[in-house]
Amino acid sequence: MLEGKVAIVTGGTRGIGYAIVKKFLNNGAKVVFFGSRQETVDKALASLKEENANYDVMGLFPNLSSEEEVRKAFEEVKNKYGKIDVLVNNAGMSSRTPFDQHTMEEYDKVMDLNVRAVYTCSRVAVDYMKEKGGVIINTSSMVSIYGQPSGVMYPASKFAVNGITKSLARELGKYNIRVNAVAPGVTETDMVKELPKEMVEPLLRTIPLGRIGKPEEVADAFVFLASDMASYVTGEILSVDGAARN
Ligand code: NAD
């Protein structure tokens, strides 16, 4: 479904991002994934190459809140592959600190990665996509629709991601750049493994499908949105959450 496309995936070293990278590669794309440090990038690369030595994949680790570093990384991708068709803004961190213990430091940390990095990478991507069109897909969350009972800036950051998605879809349509988001529900990744049982069990009861999602199930939505099968889909927040409502 992605034959001949060149994609950048942020936060591609593990979890949902790693599943996206693998699905994109299996669908014929050339993929450059970003991680936060050399060590985790190397580990993910080794594991991908072990699965298939022929994967056309590369890993980089720019600081996502530095426009200069992001620009350098995009330029490296352009030099290697000649173009950039798809950007997946997936890197993100969660938070569940009660509001009366919340600090400005935490506010900055969450907003820096979950919002500023989405802004920065999208801003740079547009310079590479403007001429021939492209696709931007953001990882939102089901909490961008319902909020959550602690860690206020996590849902707030994902509401911002939806705002960026819907607004850029309207603004960039004239360049044939489609902008969508996927809003995963509870998905089996490190982020969720860190959550206490007391938080996960009541959540499970609110999921009609009765189970948490797999990263691969979430990644399939990204493949669809990145592909030409979604050529008339833009400004959409696609829930992949087993109809979870909380
Ligand atoms: P994860 O913690 O397993 O992976 C996070 C990824 O982001 C890693 O590749 C990591 O390298 C990267 N990252 C973290 N901090 C970074 C930084 N400062 N700079 C650059 N990269 C950094 O998380 P996940 O569960 O796979 O989450 C991926 C996305 O999905 C996030 O945006 C998250 O908010 C969203 N999400 C996850 C769930 C879930 O249940 N797991 C649900 C809804 C939304």
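Draft legend 1. Just the sheet that holds strand S4 (residues 86–89), in detail. Strand order across the open sheet formed by 7 strands is S3-S2-S1-S4-S5-S6-S7, with parallel pairing between neighbours. Because the sheet does not close on itself, it has two edges, and the strands there are strand S3 (57–60) and strand S7 (237–240). Geometrically, the sheet is characterised by an average inter-axis angle of 20 degrees between neighbouring strands, direction not taken into account. Bridge count for strand S5 (residues 134–139) against strand S6 (residues 177–184) is 6 bridges, and the pairing is parallel. Across the sheet, Ile137 pairs through a bridge with Asn180, a residue of S6.

Draft legend 2. Highlighting the site of the ligand. The ligand sits among 25 residues. The nearest are Thr13, Asn90, Tyr154, Thr187 and Thr189. Within the complex, the protein chains bury 88% of what would otherwise be the 830 Å² of accessible surface of the ligand. Counting only elements with at least two residues in the shell around the ligand, the list comes to helix H1 (15–26), helix H6 (153–172) and helix H7 (190–193). Considered class by class, the residues forming the shell around the ligand number 9 nonpolar, 13 polar and 3 charged.

Draft legend 3. Structural context of the pattern of salt bridges. Counted under the stated rule, the structure contains 11 salt bridges. Across the pair Lys22 and Glu51 runs a salt bridge whose closest N-O atoms are separated by 3.2 Å. You can see Lys22 sitting in helix H1 and its partner Glu51 sitting in helix H2 (residues 38–51), a full 29 residues away along the chain. Assessed through its relative accessible area of 24%, Lys22 is described here as partly exposed. Given the relative accessible area of 45%, Glu51 is considered partly exposed. Shared partners join several salt bridges into a network, and the residues in it are Glu67, Arg71, Arg123 and Asp127.

What counts as what
- Residues numbered from 1 in each chain as written.
- Predicted model: local features only at pLDDT ≥ 70, side-chain atom pairs only at ≥ 80, totals over all residues.
- Heavy atoms only, no water.
- Pairing = 2+ DSSP bridges.
- Helix = DSSP H or I, 4+ residues; strand = E, 2+ residues; numbered from the N terminus.
- Axes fitted to C-alpha atoms, helices over the stretch in contact; angles between N-to-C directions.
- Near = heavy atom within 4 Å.
- Areas by Shrake-Rupley, 256 points an atom, 1.4 Å probe, with all protein chains shown as cover.
- Nonpolar A, V, L, I, M, F, W, Y, C, P; charged D, E, K, R; others polar.
- Salt bridge = Lys/Arg side-chain N within 4 Å of Asp/Glu carboxyl O.
- Buried < 20%, exposed > 50% of the residue type's maximum accessible area, 1.4 Å probe, protein only.

Everything listed is a geometric property; what it means functionally is a separate question.
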